[in-house]
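Tertiary structure, described
Residues per chain, in single letters:
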Amino acid sequence: MTSAISIQNVSKTYKTGFSALKAINLDIENGEIFALLGPNGAGKTTLISLICGIVTKTSGSIKVAGHDINSDYRAARKLIGLVPQELSLPIFETVWSTVKFSRALFGKPRDDAKLEAILKQLSLFDKKDAKINSLSGGMKRRVLIAKALAHEPSILFLDEPSAGVDVELRKDMWNVMRKLAEDGTTIILTTHYIEEAEMMADRVGVINKGEIILVEDKKVLMEKLGQKQLIVSLEEPLDRLPTKIAKLGFNLMQSGKKLSYQYDSKKEKPDIAKLITGLSAAQIAVADLSTQQSSLEDIFLDLVKK
Ligand SMILES: Nc1ncnc2c1ncn2[C@@H]1O[C@H](COP(=O)(O)OP(=O)(O)O)[C@@H](O)[C@H]1O
Ligand SMILES: [Mg+2]
């Protein structure tokens, strides 16, 4: 099947000479929720802007449901809805006229029933005649989503949907996104919140300094999260790991002062007594014991540092 989005070898160098994206390859499948996770300045907005035709790429190819965004721009763009990060709304217009206008922009025939359905899906229908400036922040965000959906796109981009949004509103946004995904919309969101990627995504792509450094199924990432380490601090440093100790599953950490034992906390409980007995049989004195868990945060920071 054709991917919702197919990005091949895409680079972007801004006029300043700054290379914001370097040879990006990424496929996004129909119906998935994909989170593009990365720190500020990583290139997330640039990548979305290239796909949506707001910024022109320097090289490479981008297809939206098989339509090339250069040679077949209109067909490609029609399939996409974009929710920008900034609240940019005509404050004196009503919700209804704003959303109606967005639909017309894409040359779609008027369809009040459709707009009604979109507003209802976003719990905005009872506000349809309200002026934008009378709405709460959360409602304004939902109006942005309604605008992006007005021309019935099958792919929705949300650029940092919960940046600067309080916890309650964030949950609200997540529910809206899930509902849209259940109804078959492909969702691509950018975020610098690890928690958001964990909560929302089917797949996560990590981007840093214009490069995609990891694309992984969220479940696989979560399994990595289940990894725990038992750390044994030693009274005396070792210069090499005795074979017997290696056989128990220990690794020697850099300084030689600590041993680590990695295990999957979801599947096993280490037999600490056995490990300690093994150590004392090899005449290795233990100074301290601790466990640590690698979080997505660790994995992320680790990747970003490299
Ligand atoms: N119009 C521009 N001209 C020059 N550099 C830009 C422009 N837009 C963005 N950049 C730079 O490109 C990098 C990526 O920006 P952006 O895509 O907005 O990152 P993110 O959305 O991940 O925070 C940043 O270093 C930013 O300063
Ligand atoms: Mg951005």
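In short, a report on the structure. (Residues numbered from 1 in each chain as written. Chains lettered and ligands numbered in written order. Predicted model: local features only at pLDDT ≥ 70, side-chain atom pairs only at ≥ 80, totals over all residues. Heavy atoms only, no water.)

Comments concerning helix H5 (residues 137-149)
The cut-off we apply is this: The numbering of helices and of strands both runs from the N terminus, where a helix is a DSSP run of H or I of at least 4 residues and a strand a run of E of at least 2. By this rule the span expected of a helix is its residue count minus one, scaled by 1.5 Å. Any residue under 20% of the maximum accessible area for its type is buried, any over 50% is exposed, and the rest in between are partly exposed; the area is computed with a 1.4 Å probe on protein chains only. Here, two residues are considered to be in contact whenever any of their heavy atoms come within 4.5 Å of each other.
The end-to-end C-alpha distance of H5 is 19 Å, a good match for the 18 Å that 13 residues give at a rise of 1.5 Å each. Within the span of H5, buried status applies to Gly138, Arg141, Arg142, Val143, Leu144, Ile145, Ala146, Ala148 and Leu149. Among the structural elements, strand E6 (80-83), helix H3 (95-105), helix H4 (112-121), strand E7 (155-159) and helix H6 (167-182) are those in contact with the buried residues of H5.

Looking at the sheet that holds E6
Quick note on the threshold: For two strands to be treated as a pair, DSSP must find at least two bridges joining them. Only C-alpha atoms enter the line fits that serve as axes; for helices the fit covers just the stretch in contact. Angles between N-to-C directions range over 0 to 180 degrees.
A sheet is described by the order of its strands in space; here six strands give the open sequence E6-E7-E8-E3-E9-E10, paired in mixed fashion. The open sheet has two edge strands, E6 and strand E10 (211-217), and neither has a second partner. The mean angle between the axes of side-by-side strands here comes to 15°, regardless of whether they run parallel or antiparallel. One ladder, built from five bridges, connects E7 with strand E8 (residues 186-191); its direction is parallel. The residue of E8 that forms the bridge with Ile155 is Thr186.

A short note on the site of ligand 1
Stated formally: Put simply, a residue is near a molecule or strand once any heavy atom of it comes within 4 Å of that molecule or strand. Whenever a nitrogen or oxygen atom comes within 3.5 Å of another N or O atom, the pair is scored as a polar contact, on the condition that within protein one atom can donate a hydrogen and the other can accept it, and that pairs from neighbouring residues in sequence are kept only if both atoms are in side chains. For the area figures, the Shrake-Rupley method with a 1.4 Å probe applies, and any residue is considered shielded solely by the protein chains shown.
Near ligand 1 the following residues occur: Tyr14, Thr16, Phe18, Ala20, Pro39, Asn40, Gly41, Ala42, Gly43, Lys44, Thr45 and Thr46. Within the backbone of Lys44, a nitrogen or oxygen atom sits 2.9 Å from an oxygen atom of ligand 1. In the environment of ligand 1, an oxygen atom lies 2.8 Å from a nitrogen or oxygen atom belonging to the side chain of Thr45. Protein burial of ligand 1: of its 560 Å² of free accessible surface, 63% is covered by the chains. Per-element accounting of the shell around ligand 1 gives the leading share, three residues, to helix H1 (residues 44-51).

Bear in mind that shape data such as this cannot, by itself, settle questions of function.
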